[in-house]
Amino acid sequence: MSGKDEYYNRAKQEGYRARSAYKLKQLDETTGLLGQGRTVVDLGAAPGGWLQVAAETVGPDGTVVGVDRQRIDDLEDPDATVEYVRGDMTDESTKEEIRERVGADGEELPVDAVVSDMAPNMTGEYDLDHARSVHLARQAFEVALDVLGAGGDFAVKVFDGRDLDDLEDEIDEEFEYVRRVRPDASRESSSELYLVAKGRLTAPVREGDELEVTIDDVGSEGDGVAKVDGFTLFVDGVEEGETVDVRVGDVKPNFAFAEPLE
Ligand SMILES: C[S@@+](CC[C@H](N)C(=O)[O-])C[C@H]1O[C@@H](n2cnc3c(N)ncnc32)[C@H](O)[C@@H]1O
């Protein structure tokens, strides 16, 4: 038996519906996606291995919404609130149902993590399977942007290939950072990996933006504080009441830094 088949046996022994449960455990261990009380959307959730892991980890104050085009049997006695959505993620109506279930309406963004293990039916043709997996990953990304609150996290399975860099760059624009993770539980022969993006940015500014702001206040560290649509910008070396042109530097989920332009 190869080392990787251990996961199949462990899943049987430990009562997980799929060996892939260990991939989510390992993603969570290395990147901290789940956590007590979190609200998690799990895309491509059938038969329910990831759902079991997510429900155990978010616990009684957490909620997990599992989505798949195939039927998912209800989890037995889950630790968390678990909801099920049956639908195809390439249909707009499925995305709409997810938004409704979690109560995301553009203002309220109540989800802490979106995870996707969706995979296309494999043809064996490397480029085609890659392209179809990127297409599915983009559907997941769209949902993540619709429901994730500031600071929320996103993990998505994708098969390696030529469009991976572009997808990663697009995701990176919307999060603090993104990294590639290959869990040990993935089969060695598989070209699958997960893009894990941490810290959803909902800020109205991005690094490099130039804009005029008015300094409303000076914080305890001596930085000027300006608001852009309610979002906090810390500006170095300015006085209260000044109106200055600034360039935005590092952007975090709940604030950003900016420097006055010369
Ligand atoms: C590898 S399995 C997921 C295993 C799951 N994470 C678990 O631990 O039990 C991939 C799933 O993606 C689902 N899937 C693929 N394309 C989909 C689509 N367009 N919409 C919804 N689900 C899809 C498949 O039905 C399948 O159940």
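Residues numbered from 1 in each chain as written. Predicted model: local features only at pLDDT ≥ 70, side-chain atom pairs only at ≥ 80, totals over all residues.

Chemist: Explain the site of the ligand to me, using residue names and the numbers behind them.
Modeler: As a structural note, the neighbourhood of the ligand is formed by 21 residues, with Gly44, Ala46, Gly49, Met89 and Asp117 the closest of them. A class-by-class count of the residues in the shell around the ligand yields 10 nonpolar, 6 polar and 5 charged. (Near = placed C-beta within 6 Å. Nonpolar A, V, L, I, M, F, W, Y, C, P; charged D, E, K, R; others polar.)

Chemist: Which residues make up the domain arrangement of the protein, and what values go with them?
Modeler: One frequently used descriptor of interface size is the decrease in accessible area upon assembly of the parts. In terms of domain boundaries, the protein breaks down into domain 1 (3-200) and domain 2 (210-260). Centre-to-centre separation of domain 1 and domain 2, based on C-alpha positions: 36 Å. (Domains from an automatic or database assignment.)

Chemist: Could you give me a rundown of the sheet that holds strand E13 (residues 255-260), with the residues and numbers involved?
Modeler: The strands making up a sheet associate through backbone hydrogen bonding, with each pair oriented either parallel or antiparallel. Overall, mixed pairing links the 6 strands, which are arranged E8-E12-E13-E11-E10-E9 in an open sheet. Each edge of the open sheet carries a strand with a single partner, namely strand E8 (210-214) and strand E9 (217-218). Relative to strand E10 (residues 224-228), E9 is paired through 2 bridges, and the arrangement is antiparallel. By the bridge assignment, Asp217 is partnered in E10 with Val225. (Pairing = 2+ DSSP bridges. Helix = DSSP H or I, 4+ residues; strand = E, 2+ residues; numbered from the N terminus.)

Chemist: Describe unusual backbone geometry, with residues and values.
Modeler: Looking along the chain, the bond that leaves Ala46 and enters Pro47 is cis, with omega of 5 degrees. Although it is not a glycine, Asp77 sits at a positive phi angle of roughly 50 degrees. You can see Asp77 is positioned in the loop between strand E2 (63-68) and strand E3 (81-86). Despite not being glycine, Asp229 shows a phi value in the positive range, around 50 degrees.

Chemist: Outline the nonpolar core, supporting the account with residue identities and numerical values.
Modeler: Ranked by internal contacts, the top residues of the largest apolar core, which has 69 residues, are Val41, Ala54, Val114 and Ala140. Split by domain, this core shows at least three residues from each of two domains, domain 1 (3-200) and domain 2 (210-260). Not counting the four nearest positions on each side in its chain, Val114 is found in contact with Val41, Leu43, Ala140, Val143, Ala144, Val147, Leu148 and Phe154. (Core = buried A, V, L, I, M, F, W, Y, C linked by C-beta atoms within 7 Å. Buried ≥ 20, exposed ≤ 12 C-beta atoms within 10 Å, placed from the backbone. Contact = placed C-beta atoms within 7 Å.)

Chemist: Requested: an account of the sheet that holds E2, with residues and values cited.
Modeler: Taken together, 7 strands build an open sheet; the order of strands is E3-E2-E1-E4-E5-E7-E6 and the sheet is mixed. Among the strands making up the open sheet, the edge pair consists of E3 and strand E6 (175-181). Strand-to-strand, the axes of this sheet are offset by a mean angle of 15 degrees, without reference to chain direction. Relative to strand E4 (residues 111-116), strand E1 (residues 39-43) runs parallel, the two being bridged by 4 bridges. In the strand pairing of E4, Val41 is matched with Val114. Together, E1, E4 and strand E5 (148-159) form the strand contacts of helix H5 (residues 126-147), whose direction differs from that of E5 by roughly 170 degrees. (Axes fitted to C-alpha atoms, helices over the stretch in contact; angles between N-to-C directions.)

Chemist: Before we move on, could you go through the packing of helix H4 (residues 92-102) against H5 and cite the residues and values that matter?
Modeler: Helix packing for two helices is described by the angle between their axes and how far apart those axes are. Running from N to C, H4 and H5 point in directions that differ by 30 degrees, and their axes come no closer than 10 Å. Taken together, H4 and H5 sit at an angle that is classed as roughly parallel. In the crossing of H4 with H5, the sense of the turn from one axis to the other is right-handed. Residues Lys95, Ile98, Arg99 and Val102 of H4 pack against Glu142, Val143, Asp146 and Val147 of H5. Along the lines of polarity and charge, the residues of the contact of H4 with H5 split into 4 nonpolar, no polar and 4 charged. (Parallel < 35°, antiparallel > 145°, perpendicular 65-115°, else oblique. Left-handed = near helix turned anticlockwise from the far one by under 90°.)

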